[in-house]
Amino acid sequence: MEKRLKQFWVLDFDRCLADVDMLVELFVDIAYSRVSFDRSLLDKERINAEQQGISFDQYEAISRFIPASGMKEIEHAFITSPQARSARCRGADKLIAYLSHSPERRAAILTYGSKKWQTLKIQAAFRDNISLPYQIISHPNKAREIASWFNADSGLFYIPELLCDHTIAEEIVLVDDKAIAFQDMPKHTRGYWFQQGTL
């Protein structure tokens, strides 16, 4: 039987739920403590990617310097690092708790980028509280993804099973820090463009 919700919240991860700069710095520090490499090359690559508006895969970039066995060790150290938990944005835990316990609302993470790198960041930041399901997509336009869930006949959103089992929603609430995420928002969708501060 399908569960009907008043709202389903779609939350971006980078810069909305977690400080991605802090996570990147931690990951690079852990990698550099094991193998020496030119950190300035990574910084240049990342800046170049961000200027082009594309997601930078920090994991893939570092893996060019380190063998697979070494990367496994770095992954473990990163995911289990207590410092990663402090990268959660102010208000993130409170918002997640509110949405998780609301009878009419649920939430999930919808994030864009490399599956490996995004998964590692989510696991590291929320290792002690990974109550939210998540999906990693290959493009930054979240509104386009959300539009694919909408059924015009019923006027409802059919949430993907990966994000919530047998669930339909009357309205979607999207929280993201990038303007492109809201391009061509479908009807019955509300957007919050998060800049900085507390969720």
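Here the structure is shown first, and the text comes after it.
Just so we're clear, the structure is a prediction, and the values are computed from it rather than from any experiment.

A.B. asks: An account of helix α7 (residues 115-125) is requested, with residue identities and associated values reported.
C.D. replies: An α-helical turn contains 3.6 residues, so any two residues separated by three or four positions project in the same direction. Of all eleven residues in α7, eight are buried, a share of seventy percent or more. Turning to α7, its buried residues number three or more, namely W117, Q118, T119, L120, K121, I122, A124 and A125. Elements that come into contact with the buried residues of α7 comprise α1 (20-32), α3 (58-63), α4 (68-79), α5 (82-85), β2 (105-112) and β3 (134-137).

A.B. asks: Break down the environment of S81 for me, citing the residues and quoting the values.
C.D. replies: Positionally, S81 belongs in the loop between α4 and α5. A relative accessible area of 8% means that S81 is categorised as buried. Sequence separation between S81 and I30 is 51 residues; the distance between their C-alpha atoms is 9.6 Å.

A.B. asks: I'd like a rundown of the packing of aromatic side chains, residues and numbers included.
C.D. replies: In the structure shown here, the tally under the stated rule is nine aromatic pairs. Note on F27 and Y59: the rings are 6.2 Å apart at their centroids and 40 degrees apart in plane angle, and the pair reads as tilted. With F27 in helix α1 and Y59 in helix α3, this pair connects stretches of sequence that are 32 residues apart. As far as the burial class goes, F27 and Y59 line up, both buried. If you follow R39 out to its NZ or CZ, it ends over the ring of Y32, 5.1 Å from the centre.

A.B. asks: Could you give me a rundown of the state of the cysteines, with the residues and numbers involved?
C.D. replies: What the rule picks out here adds up to zero disulfides. Considering cysteine sulfurs only, C89 is the nearest to C16, which forms no disulfide, with 7.2 Å between them.

A.B. asks: Describe the packing of α1 against α7, and please don't skip the residues or the numbers.
C.D. replies: Packed helices, taken two at a time, are described by the angle their axes make and the gap between the axes. Two elements in contact, α1 and α7, have axes whose closest approach is 11 Å; the angle formed by their N-to-C orientations is 100 degrees. Here α1 lies roughly perpendicular to α7, going by the angle between them. Across the interface between the two elements, V20, L23, V24 and F27 from α1 touch W117, L120, K121 and A125 from α7. Across the contact of α1 with α7, the residue classes tally to seven nonpolar, no polar and one charged.

A.B. asks: So what's going on with the environment of K121? Residues and values would help.
C.D. replies: Within the fold, K121 resides in helix α7. The class for K121 is buried, based on a relative accessible area of 2%. The sequence separation of K121 and D14 amounts to 107 residues, and the corresponding C-alpha distance is 8.8 Å. In contact with K121, not counting residues within four places along its chain, are F13, D14, V20, L23 and F78.

A.B. asks: Quick one: what's the story with the nonpolar core, residue by residue and with numbers?
C.D. replies: In this structure, L11, F13, F27 and F78 are the most contacted members of the largest nonpolar core, which totals 45 residues. With eight residues, the single largest contributor to this core is α1. In this structure L11 touches L17, L95, L99, A107, A108, I109, L110, L132 and V175, once residues within four positions along its chain are discounted. In this structure, Y112, I137, F150 and A169 belong to the second largest nonpolar core, which totals 19 residues.

A.B. asks: So what's going on with the layout of surface pockets? Residues and values would help.
C.D. replies: By volume, the largest pocket is sized at about 350 Å³. Considering the residues around the largest pocket, the lining is formed by 24 residues, among which D14, R15, I54, S55 and K178 are closest to the centre. For the lining of the largest pocket, the secondary structure elements donating two or more residues are α1, α2 (39-51), β2 and α7. Split into classes, the residues belonging to the lining of the largest pocket amount to ten nonpolar, five polar and nine charged. Approximately 190 Å³ is the volume found for the second largest pocket. Lining of the second largest pocket is provided by ten residues; of these, R15, D19, C89, F194 and Q196 occupy positions nearest its centre. Looking at the lining of the second largest pocket, its residues break down into three nonpolar, three polar and four charged.

The rules behind these values
- Residues numbered from 1 in each chain as written.
- Predicted model: local features only at pLDDT ≥ 70, side-chain atom pairs only at ≥ 80, totals over all residues.
- Heavy atoms only, no water.
- Buried < 20%, exposed > 50% of the residue type's maximum accessible area, 1.4 Å probe, protein only.
- Helix = DSSP H or I, 4+ residues; strand = E, 2+ residues; numbered from the N terminus.
- Contact = heavy atoms within 4.5 Å.
- Phe/Tyr/Trp six-rings, centres within 6.5 Å; stacked < 30°, edge-to-face > 60°.
- Lys NZ or Arg CZ within 6 Å of the ring centre and 35° of its normal.
- Disulfide = S-S within 2.5 Å.
- Axes fitted to C-alpha atoms, helices over the stretch in contact; angles between N-to-C directions.
- Parallel < 35°, antiparallel > 145°, perpendicular 65-115°, else oblique.
- Nonpolar A, V, L, I, M, F, W, Y, C, P; charged D, E, K, R; others polar.
- Core = buried A, V, L, I, M, F, W, Y, C linked by side-chain atoms within 4.5 Å.
- 1 Å grid on protein atoms, 1.4 Å probe; cavity = no way out; pocket = protein on both sides within 12 Å on 5 of 7 lines; lining within 4 Å.
- Points joined across faces, edges and corners; volume = space filled by probe spheres on them.

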